[in-house]
Amino acid sequence: MADHPTTLDVPPLPLRGIHVWQFGLYEAAVSSVRLEREEMERALRLRNEFDRRSFLAGRRALRLLLAAYLDTSASAVHFVRRPCPVCGLAHGKPELAPPHEGMFFNASRCQRHLLIAVSASSEVGVDLELLGRLPDLRQLAPLVASRRENAGGLPGWPNDRSVLRLWTRKEAAVKAAGSGLTLEVTSFSASDDSGDGWYSTDGTLCGYRVYDLPLPQPLVGSVAVPGVAQPVTVFDGRRALAAR
Ligand SMILES: CC(C)(COP(=O)(O)OP(=O)(O)OC[C@H]1O[C@@H](n2cnc3c(N)ncnc32)[C@H](O)[C@@H]1OP(=O)(O)O)[C@@H](O)C(=O)NCCC(=O)NCCS
């Protein structure tokens, strides 16, 4: 590996398999990674101080991690955004700019926590939420579940945990697809247990696979990919940052 002192120590990324990294935004904030002008401008547009700091810390961790996988420096990582599926403007799903466009990633922040999913071969989407952050999620059940799921999709349905779990599966799926929440999450189901730890989706996102991530409470997270199931490994980004 070339000498890039700002990068993290990461295992090789297999062709078939998703790596998901869990970071704390406090730890990520202290890294000295330089950001691009567009990122600084976007941060300045965020009025809330906490949101601004979270965004900047998240981008630093993202650059460090992708640079490590790409065996380059964090400042050599550049992003482009896909056209928005609604208006066509360039504010859709972020992806790596050439010459690194062969690697896929997606990120999700919640409070002081960050997940980054990376794949060498397929689109990926990830979502992270915190149980207990919002009161009484049961009332959101009809806005999350498909008609079939509302008729009895998940164990304990609907309680706070099952509603949040279904939400993270669905947000991960729409992020993998690149539509984001412009796609109605009630238009597909994500609760068919395939028996191997994966859930298949049907309806408008037919053919996606969703995996519930083993995260410490109160974190609830899911990752999604199109097509066949792939092994998912979760890594401790806090430890990796501390070891730099
Ligand atoms: C993408 C979206 C689901 C993120 O939801 P969220 O809960 O606010 O945020 P998360 O922390 O989970 O994810 C944020 C990350 O998702 C990624 N992201 C952004 N747009 C995305 C998209 N269309 N698809 C997949 N991932 C996307 C980015 O990496 C972003 O990180 P960043 O803030 O550092 O750039 C939501 O913002 C959305 O649906 N946006 C689309 C809205 C839209 O385009 N409307 C039409 C306007 S014309």
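Everything below is about the structure shown above.
Given the structure is predicted, the values throughout are model-derived calculations rather than measurements. (Residues numbered from 1 in each chain as written. Predicted model: local features only at pLDDT ≥ 70, side-chain atom pairs only at ≥ 80, totals over all residues.)

1. Side note on the site of the ligand
- Close to the ligand lie 21 residues; Lys93, Ser108, Lys175, Gly180 and Leu181 are nearest.
- Every element with two or more residues in the shell around the ligand is listed here: α3 (49–70), β4 (104–110), β6 (125–130) and α6 (160–177).
- Examining the composition of the shell around the ligand, we find that four residues originate from one element, β4, more than from any other.
- Residue composition of the shell around the ligand, grouped by class: seven nonpolar, eight polar and six charged. (Near = placed C-beta within 6 Å. Helix = DSSP H or I, 4+ residues; strand = E, 2+ residues; numbered from the N terminus. Nonpolar A, V, L, I, M, F, W, Y, C, P; charged D, E, K, R; others polar.)

2. Observations concerning the sheet that holds strand β8 (residues 198–200)
- Within the open sheet, the five strands sit side by side as β6-β10-β9-β8-β7. Their pairing is antiparallel. With one partner strand each, in any of the chains shown, β6 and β7 (192–193) form the two edges of the open sheet.
- Summarising the sheet, strand β9 (residues 208–212) and strand β10 (residues 219–226) pair through five bridges and their orientation is antiparallel. For Arg209, the partnering residue across the bridge sits in β10 and is Val225.
- The sheet strands contacting α6 are β6, β8, β9 and β10, and the helix crosses β6 at an angle near 150°. (Pairing = 2+ DSSP bridges. Contact = placed C-beta atoms within 7 Å. Axes fitted to C-alpha atoms, helices over the stretch in contact; angles between N-to-C directions.)

3. Observations regarding the environment of Val220
- Considering the arrangement of structural elements, one finds Val220 in strand β10.
- Between the C-alpha atoms of Val220 and Leu131, which are 89 residues apart in sequence, the distance is 6.7 Å.
- Excluding residues that lie within four positions of it along the chain, Val220 makes contacts with Glu129, Leu131, Leu164, Arg165, Thr168 and Leu215.

4. Some remarks on the sheet that holds β4
- Read from one edge of the open sheet, four strands run β4-β5-β1-β11, paired in mixed fashion. Of all the strands in the sheet, the pair left with one neighbour each is β4 and β11 (232–236). The mean angle between the axes of side-by-side strands here comes to 20°, regardless of whether they run parallel or antiparallel.
- Sheet topology places strand β1 (residues 18–24) next to strand β5 (residues 113–119); seven bridges connect them, and they run antiparallel. Looking at the pairing, Val20 lines up with Ala117 of β5.

5. Points about the packing of helix α2 (residues 37–45) against α3
- As a packed pair, α2 and α3 sit with axes 8 Å apart at the nearest point and diverge in direction by 160°. The angle between α2 and α3 falls in the class roughly antiparallel. For α2 against α3, the interelement crossing comes out right-handed. Contacts from Glu39, Arg42 and Ala43 in α2 reach Arg52, Phe55, Leu56 and Arg59 in α3.
- Tallied by class, the residues present in the contact of α2 with α3 amount to three nonpolar, no polar and four charged. (Parallel < 35°, antiparallel > 145°, perpendicular 65-115°, else oblique. Left-handed = near helix turned anticlockwise from the far one by under 90°.)

6. Digging into the environment of Trp167
- Within the fold, Trp167 resides in helix α6.
- As a C-alpha pair, Trp167 and Ala28 span 139 residues in sequence and 26 Å in three-dimensional space.

7. With respect to the nonpolar core
- If you look at the biggest cluster of nonpolar residues, it comprises 61 residues, and the most contacted ones within it are Leu65, Ile116, Ala117, Ala173 and Val223.
- The residues contacting Ala117, other than those within four sequence positions of it, are Ile18, Val20, Phe105, Asn106, Val124, Val126 and Val223. (Core = buried A, V, L, I, M, F, W, Y, C linked by C-beta atoms within 7 Å. Buried ≥ 20, exposed ≤ 12 C-beta atoms within 10 Å, placed from the backbone.)

8. Overview of the pairing of β9
- Burial analysis of β9 places four of its five residues in the buried class, which makes it a mostly covered element.
- Pairing of β8 with β9, which is carried by three bridges, proceeds in the antiparallel orientation. For Tyr199, the partnering residue across the bridge sits in β9 and is Val210.
- What sits between the antiparallel neighbours β9 and β10 is a turn of six residues.

9. Notes on α6
- If you check α6, its first and last C-alpha atoms are 26 Å apart, about what 18 residues at 1.5 Å a residue would give, namely 26 Å.
- The buried count for α6 comes to 16 of 18 residues, which makes it a mostly enclosed element.
- In the segment just after α6, Gly178 is the residue with positive phi, at about 90°. (Expected span 1.5 Å × (residues − 1).)

10. Focus: unusual backbone geometry
- With an omega dihedral of 10°, the bond running from Pro98 to Pro99 counts as a cis peptide bond.
- Mapped onto the elements, Pro99 comes out in the loop between β3 (94–96) and β4.
- Positive phi outside glycine occurs at Gln111, with the angle close to 50°.
- Along the chain, Gln111 turns up in the loop between β4 and β5.
- In this structure Gln111 comes out as partly exposed when scored by C-beta crowding, with 15 C-beta atoms within 10 Å.
- One non-glycine residue, Asp136, adopts positive backbone phi at about 45°.
- Locating Asp136 in the fold gives a position in the loop between β6 and α4 (141–144).
- Given 8 C-beta atoms within a 10 Å radius, Asp136 is considered exposed.

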